[in-house]
Amino acid sequence: MHEDTTPVLVVGGGLVGLSTSLFLSWHGVRHILVERHAGTSVHPRAWGLYPRTLELLDAVGVSDDLLAEAAGFAGHTLNGKVESLTGREISVTRIPEPEDIGDISPVARVLSLSQDRIEPILLRRVRELGAEVRFGTELRDPEQDADGVTATLHDRETGAERRVRARYLVAADGAHSPVRERLGIARQGRGTLRHQISIVFRADLRGPLGERRFAVCRIANPLVDGVLGHDDTLRRGTLIVTHDPRTDPFTAYTPERCTELVRAAVGVPDLPVEIVSTLPWEMAALVAERYTEGRIFLVGDAAHVIPPVGGYGANTGIQDAHNLAWKLAAVLHGQAGQALLDTYDTERLPVGRATMRQAALRLAARAGSGGAPGGAAVADTLSVMFGYRYRSAAVIADEGEQTDAAADFAEPRTLSGAPGTRAPHLWLVTEDGRTVSTLSLVGRRPLLMAGAKAAEWYEAAHAVARRTGVALDVLRLGEDVRERERSWHDAMGVTESDAVLLRPDGFVAWRTTAAVPSPEHALETVLTRVLARD
């Protein structure tokens, strides 16, 4: 049997798998992505991307296409509960205008767009960057050893099989991840909360909707208790209903029954309906006990299943992928030691657990069942998406800081450059007059930003990069970039004589807090620790 070789094998071509492929491609990492289905999802599934996620996608060149695709949903602002689209309105309110977060992020809006519309855009960009993507291909019998992973790739259409040998495998193969199950990695959490069925259909909804455009529309009538969504063409929709698989199995949802349910939800008994696809799924709260097993990594739903309240699941998964991709790239390009990959689990597992708890709290609040034991508080979405903090070997805490106790999430406007937090956003002006965010300055390599009076750090960075071969970007305030409004030094919590090291994900790896005898020696020591180069 013919054997292919690749540095990284990505299993799963959904939203998170494609994001993993996109970030790896952008970092110049050759890889193969395999997906058992014939194409991208036809189900809306995840809906909405938060600004932090869009920051990451903007850097790799897809945010403009995503924003253009979402333009038709701009007026979908109603939150309603109705007997049916043509029936009595029980309650209909307008969703408030989103908070202005221009002081937090260069991306000042939430993207309202469904997974089935996002995935083709990511796939197009992945292919532009040269990734090898194989749909209709199933991963079988993955086995790992000390040097890599070997598996069989089965073409589901032809039956042809090929062996593949990869140095690393990334499992983005969903909530029921076969890779995770094969590894025997257990999950913890509240488990399955509800069994759902999504029914994607085509029908003309223009008349029943009238001038209304719903972001969320709950249906409550004797036949349907569920959620009805519609796209911007008003000719395609999704009906989500709850069922008990013990007494009402998925097999009972025939095209005829699904058509009856759609007609009852719309309120037109003879509505022409085409059922496109039905999908059973579980609303659950579960997080894997570990995200890493040797050379295999779990991302997205394979690592954590987060209740959809708050829209955290896909966003958290894409942020998993970004965290892992830059670390894989650094190791594969010889810039970092193997131990850097251990920090993926160290950093992302606590975020997954905390985010799952937040979604569960929101679900409890929506159901009116009160708060969690111990009086746990529901954090706002901005804190959940921006305010988490990493504590790992890839972060060097300020001297004297206690690092073993911290809140799960901080209000993002309180972030002030502490190591392990996302760098604060502020606008800077480049030498050629462009206005850019601090976060836009970070690229494929670590970035050392030196203060206006920190020439010795600027010079030390260039010297260390030359001597060690570490690819390092260097910028100096007042020389390469200048402040437009806010003070960079105040935002980062440093003086004009200090320096800050940002990781490729925009998180602060280290900052100076006191004078040091030799900036060059200090910086080399920092890079050795952060990149696990021992």
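Provided above is the structure to which this section pertains.
Residues numbered from 1 in each chain as written. Predicted model: local features only at pLDDT ≥ 70, side-chain atom pairs only at ≥ 80, totals over all residues. Heavy atoms only, no water.

A.B. asks: Residues and numbers for the overall build of the protein, please.
C.D. replies: When helices and strands are counted, the protein shows 13 helices and 25 strands. Here the C-alpha atoms of the protein give a radius of gyration of 24 Å, agreeing with the 24 Å that 2.2 N^0.38 yields for 534 residues. Judged by the C-alpha coordinates and their principal axes, the protein covers about 80 × 60 × 50 Å. Out of the 534 residues belonging to the protein, those deemed buried represent 54%. Residue pairs in contact within the protein that sit at least 24 positions apart in sequence constitute 72% of those at least 6 positions apart. (Helix = DSSP H or I, 4+ residues; strand = E, 2+ residues; numbered from the N terminus. Rg over C-alpha atoms; globule rule 2.2 N^0.38 Å. Buried < 20%, exposed > 50% of the residue type's maximum accessible area, 1.4 Å probe, protein only. Contact = heavy atoms within 4.5 Å.)

A.B. asks: Kindly report on the packing of helix α1 (residues 15–26) against helix α8 (residues 312–332), identifying the contributing residues and their values.
C.D. replies: Two numbers describe a pair of packed helices, the interaxial angle and the distance between the axes. Where α1 contacts α8, the axes come no closer than 9 Å and their chain directions differ by 30 degrees. Relative to α8, the element α1 lies roughly parallel. Considering how the two elements wind past one another, α1 and α8 form a crossing that is right-handed. Contacts from Leu15, Val16, Ser19, Thr20, Phe23 and Leu24 in α1 reach Ala314, Gly317, Ile318, Ala321, His322, Ala325 and Leu328 in α8. Partitioned by chemical class, the residues of the contact of α1 with α8 number 9 nonpolar, 4 polar and no charged. (Axes fitted to C-alpha atoms, helices over the stretch in contact; angles between N-to-C directions. Parallel < 35°, antiparallel > 145°, perpendicular 65-115°, else oblique. Left-handed = near helix turned anticlockwise from the far one by under 90°. Nonpolar A, V, L, I, M, F, W, Y, C, P; charged D, E, K, R; others polar.)

A.B. asks: Run through the nonpolar core, naming residues and quoting values.
C.D. replies: Counting residues in hydrophobic clusters, the biggest one holds 116 residues, and the most contacted among them are Leu9, Leu66, Leu169, Leu328, Trp457 and Leu523. Contacts of Leu9, omitting those with residues within four sequence positions, involve Ile32, Val34, Leu139, Val164, Ala166, Tyr168, Leu169 and Val170. In this structure, Leu85, Ile199, Phe214 and Tyr253 belong to the second largest nonpolar core, which totals 25 residues. (Core = buried A, V, L, I, M, F, W, Y, C linked by side-chain atoms within 4.5 Å.)

A.B. asks: Describe in detail the pairing of strand β13 (residues 225–230), supporting the description with residues and values.
C.D. replies: Only one face of β13 is covered, namely the one carrying Gly226, Leu228 and His230; the face carrying Asp225, Val227 and Gly229 has none of its residues buried. Two elements, strand β12 (residues 214–220) and β13, share 3 bridges in a ladder whose sense is antiparallel. Within β13, the residue paired with Ile219 across the bridge is Gly226. The antiparallel hairpin formed by β12 and β13 contains 4 residues in its connecting segment. In this antiparallel pair of consecutive strands, β13 and strand β14 (residues 236–242), the connection spans 5 residues, and Leu234 shows a positive phi of 65 degrees. (Pairing = 2+ DSSP bridges.)

Read these as spatial facts, not as claims about activity.
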